[in-house]
Structures are given as C-alpha cells and as structure tokens.
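# Fold and contact review
Here is how the chains run, residue by residue.
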Amino acid sequence: MHLSFVPQRRVKIGDAAAFAGTTPRAIRHYHAIGLLPEPERGGDGRRRYGHQDMIRLLWIRRMAGAGIALDDIRDALTADTGSVGDDREHGDSGGGDVDGGDGIALTLERLENSLAAQEAVLRRQRTAVQRMRAEGSRMGLLSDVVTDRFKSLPEGSVRQGELDTLLVTERIFGPLGAAVQATRFIALATHPALREESDRVDAAEEALDDTVAVDDPRVARVAAERHAFEGALDAFIEESGLAGDDDALFEAWDARDSATTDQEEDEEGEEDDDGGGDRGSGGRRTRTMSAFEAVGRMPYDFSPARLRCMELAEQLAAQDAPTA
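Each chain carries its own residue numbering, running from 1 in the written order of its sequence. Side-chain atom pairs in this predicted model are given and counted only at pLDDT of 80 or more, local residue features only at pLDDT of at least 70, and totals for whole chains, interfaces and linings cover all residues. Side-chain numbers here rest on the full set of heavy atoms in the structure, without hydrogens or water.

The way it works is that DSSP assigns letters per residue, a run of H or I at least four long becomes a helix, a run of E at least two long becomes a strand, and they are numbered from the N terminus. Looking only at helices and strands, one finds 14 helices and zero strands in the protein chain. Reading the secondary structure of the protein chain in the N-to-C direction produces α-α-α-α-α-α-α-α-α-α-α-α-α-α. Per-residue burial for the protein chain yields a buried fraction of 40% across its 324 residues. Accessible surface area values rest on a Shrake-Rupley calculation with a 1.4 Å probe, where residue burial reflects the displayed protein chains alone. Of the roughly 17,800 Å² of accessible surface on the protein chain, 50% is carried by carbon and sulfur atoms. Three exposure classes are used, based on accessible area relative to the maximum for each residue type with a 1.4 Å probe and protein chains only: buried under 20%, partly exposed in between, and exposed over 50%.

What follows deals with helix α2 (residues 24-32). For α2, the complete set of buried residues consists of A26, I27, Y30 and H31. Buried positions in α2, seen along its axis, are confined to an arc of 150 degrees and lie on one side of it. Opposite the buried face of α2, at more than 90 degrees from it, the exposed residues are R25 and A32. Within two residues after α2, G34 carries a phi angle of roughly 80 degrees, on the positive side. Of all possible arcs, the one meant is that of the directions from the helix axis to the C-beta atoms.

Turning next to the side chain of T169. Considering the arrangement of structural elements, one finds T169 in helix α7 (residues 160-190). Exposure remark for T169: the relative accessible area of 11% places this residue in the buried category. Pairs of N or O atoms within 3.5 Å make up the polar contacts considered here, provided that, within protein, one atom can donate a hydrogen while the other can accept it, and that residues adjacent in sequence are counted only when both atoms are side-chain atoms. Engagement of the side chain of T169 in a polar contact is seen with the side chain of Q181, the distance being 2.6 Å. What T169 contacts, discounting residues up to four positions off in sequence, is G174, G177, A178 and Q181. Note on contacts: a residue pair qualifies if any of its non-hydrogen atoms lie within 4.5 Å across the two residues.

Our next topic: the packing of aromatic side chains. When two rings of Phe, Tyr or Trp (its six-membered ring) have centres within 6.5 Å they constitute a pair, described as stacked for plane angles under 30 degrees, edge-to-face for angles over 60, and tilted for the intermediate range. Applying the stated criterion across every chain, the model contains one aromatic pair. For the ring pair Y300 and F302, a centre distance of 5.4 Å and an interplane angle of 25 degrees mean the geometry is stacked. For Y300, a relative accessible area of 22% translates into the label partly exposed. We classify F302 as buried; its relative accessible area is 17%.

What follows deals with the pattern of salt bridges. Criterion for a salt bridge: a side-chain nitrogen of Lys or Arg within 4 Å of a carboxyl oxygen of Asp or Glu. Under the defined criterion, the tally for this structure stands at 22 salt bridges. Between D301 and R9 there is a salt bridge, with the nearest N and O atoms lying 2.7 Å from each other. Of the two residues, D301 sits in the loop between α13 (291-297) and α14 (304-320) while R9 sits in the segment before α1 (13-20), which places them 292 residues apart along the sequence. Since its relative accessible area comes to 53%, D301 is described here as exposed. Across the pair E38 and R41 runs a salt bridge, and its minimum N-O distance is 3.0 Å. On the basis of relative accessibility, which here comes to 44%, the residue R41 falls in the partly exposed class.

Per residue, pLDDT captures the predictor's confidence, and it can take any value from 0 to 100. Across the protein chain, the average pLDDT comes to 79, with 77% of residues at 70 or higher. Scored below 50 in pLDDT, residues 81-101 shows 28 contacts in the model against residues more than four places distant or in partner chains. Counting contacts from residues 269-287, a segment whose pLDDT is below 50, to residues more than four positions away or on other chains yields 51 contacts.

The span you would expect from a helix comes to 1.5 Å times its residue count less one. The first and last C-alpha atoms of α7 sit only 17 Å apart over 31 residues, clearly below the 45 Å expected at 1.5 Å per residue. The largest bend along α7 reaches roughly 135 degrees and is located at F173, with the proline P175 sitting one to four residues downstream. The bend at a residue is defined as the angle formed between two axes, one fitted to the seven residues ending at that residue and one fitted to the seven starting there.

Only the stretch in contact is used when fitting a helix axis, every axis being a line fitted to C-alpha atoms; angles between N-to-C directions are given from 0 to 180 degrees. For the pair α1 and α7, the least separation of the axes is 10 Å and the interaxial angle reads 80 degrees. Here α1 is positioned roughly perpendicular relative to α7, judged by the angle of their axes. Here A18, F19 and A20 of α1 come into contact with α7, specifically with V168, R171 and I172. When an angle is under 35 degrees it counts as roughly parallel; over 145 it counts as roughly antiparallel; between 65 and 115 it counts as roughly perpendicular; any other value is oblique.

With that settled, the discussion passes to the nonpolar core. The term nonpolar core refers to a set of buried residues drawn from Ala, Val, Leu, Ile, Met, Phe, Trp, Tyr and Cys, joined through side-chain atoms within 4.5 Å. Residues I73 and F150 are the most contacted members of the largest nonpolar core, which totals 60 residues. A per-element tally of this core places α7 first, with 13 residues. Not counting residues within four places of it along the chain, the set of residues in contact with I73 comprises L35, I60, M63, A64 and I68. In terms of nonpolar packing, the next biggest core, distinct from the first, is built from 10 residues, V212, V222, A223 and L312 among them.

The next point concerns a negative patch on the surface. A cluster of like negative charges, contributed by D234, E238, E239, D245, D247, E251 and D254, occupies part of the molecular surface. Among the secondary structure elements, those contributing two or more residues to the negative patch are α9 (217-240) and α10 (242-255). Per-element tally for the negative patch: the top contributor is α10, with four residues. Mapped onto the elements of the fold, D247 is located in helix α10. We classify D247 as partly exposed; its relative accessible area is 48%. Exposure above 30% relative accessible area and the lack of any salt bridge qualify a residue for a patch; like charges then connect within 9 Å, and the nonpolar side chains Val, Leu, Ile, Met, Phe, Trp and Tyr within 5 Å. Asp and Glu count as negative and Lys and Arg as positive, but His and the ends of the chain are not part of the count. Where a charge sits is defined by one atom per residue type, namely NZ (Lys), CZ (Arg), CG (Asp) or CD (Glu).

α14 packs onto α9 with a crossing angle of 45 degrees between their chain directions and a minimal axis gap of 8 Å. Here α9 lies oblique to α14, going by the angle between them. Crossing angle aside, the handedness with which α9 passes α14 is right-handed. Only A305, R308, C309, L312, A313, L316, A317 and D320 of α14 make contact with α9, whose side of the interface consists of V219, A220, V222, A223, A224, R226 and H227. Crossings are classed by handedness, with left-handed meaning an anticlockwise turn of the near helix from the far one by less than a right angle and right-handed meaning a clockwise turn.

So, in structure tokens, the structure goes:
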C-alpha cells in the first residue's frame, strides 16, 4: 500500500501561486518589498518554495483580503501586530462622451452599481478586521465556522502551528473541512496527556530526517507509535462527545441557506483587490482547482524515512479498519 500522494519538498513559483490563489507576478512583488523572503533557487535558476514559505504566503493573502496594506502586513508578520491600510486602486471612471438621456442614465446606473459593490467590499473588509481584533490577529483570519469551534476554550489553547494547519486545510477542503479538523485540536487542548503524547510522537517523526534510512527500525517503531496515538485520540473524541459535535456541524452546514454559501464564495473571490497585480485570480483559482491538485502543490519537507513512516502508519490504520 502506498500514500495517495507523495508531497514535494519544494515547489516552483507557478505551483506556489496557484495554491495560494495569486500570481507569480504578485509573489515577485512580495519579494521586492520584503514581505516574503526570496527562497533559494534550484540548479535551473528557478525559485523553490517550501512549506513555511507557503504558510507565510497564505497568511499574506488572507490579510490582503481583509483590506490590510502590504506594508502593514509586513510589519504585522514581523512584530505580530499591524494596522489596517487601504491599498485599493481606483481606476478612471471617465469615458467617451455619452449622447442622449439614455446614455447618461446607463452611465449613472453603472456608477451606482460600482459604488454599491465597493460598499459591499468595504463592509466585508470591516467585518473581517473586527473579527481579527476580537479573535486574535491570526485566529480571526479563519472562517467563523472554524473559530466558533474554539469559543469554549481558554485563550492560548490553540497553538500557532495548529492555526497554520487549519489555514491549509481550509484552503484545500473549505471551511467545513477545517471546522471538522478543529475537533482534533480541541481534544488536544482539553486532554493534557494526549497533548503530551502528541508532542512526543511529533518529535519522533521530525527526528526521521535525511540521515535516517527508510529501513531503519526507528521508522517502523514511530509508525506504530503514531498509529497507537491516533487510536487513543479517536477514542477520546468518541467518548467525550466531540464526534457528536461533528455530526451536528455537518447537519448545520447542510441546512445553511444557499445564498450564504454563495456570499462566502464571493468574499473569497474578493481577496485580490490589494496591490501586486493579482486582482481577480483568487476566486477563480479557488473554485477551479481540485483538492487533489491543491494537495500536490503544497510542499512539505518530509524525508524519505518520514514518508515511509507515514505509509506504514497508513497500512496499520487500514488493517484496523472495519471490513464491510
């Protein structure tokens, strides 16, 4: 049995842009202004982007979508604080002479529609910034259906790395997928022993670096530890009632009005109004790129030994899965 995909350790700028919902030109602009550190180039002279580069790029896109100026985003990611700016470019609304009252009426109608659209964008941006201030600069950038899962937890219970993971999941599988994944982090936040074991297994996996051979006994041992931990985590989720919360989440999501879903998709499509030459690309790419394509474009710096460990853990899980 093999993994359904083998993640690349680093990806080219085109794949990085496609995954983040932007353009190579915008990414180069981010490099030029010091917003995104320029990565090393490969032997062919092309930039190669790793996992952390992509995480930073996704946060940049979310902040830009909330209407924050690129300079302020750079300061926010450096000092974890930032101010709200307005980088929108206003195009020339003028045109040729319009003859007759009908032409004037059409021009005024187009202008009114344009102003209404701008007003709607500003309203959504203000709401996003208000959420960021209330939830925290990064927690607030995730969809409300995700952050609502953590309302009952003490402040600081969710780690930065977990927010990074939820951001990636939301990009690939949407808000519902990230909201379901949040169950895992709720369990870890409320069960100290599970949190400690999770940290231990994570560290053991990270130790399977490029110096470890794929047939090293440690690989199989860590795979067994991962499998045992996931079983314990699943059992706690079931016994604690968190699994029932997931079921309720699916039911509530299915019951949502279709207009609400359409509005969320439109908001995602508005992410490209903020400098860098990538307006309009986010929404279209989000709707046309499949989850499989997105997974393949997100780099993870996994060694061969760690990939083998993942394969073995997956095999153990398949063996324990109930048969039909």
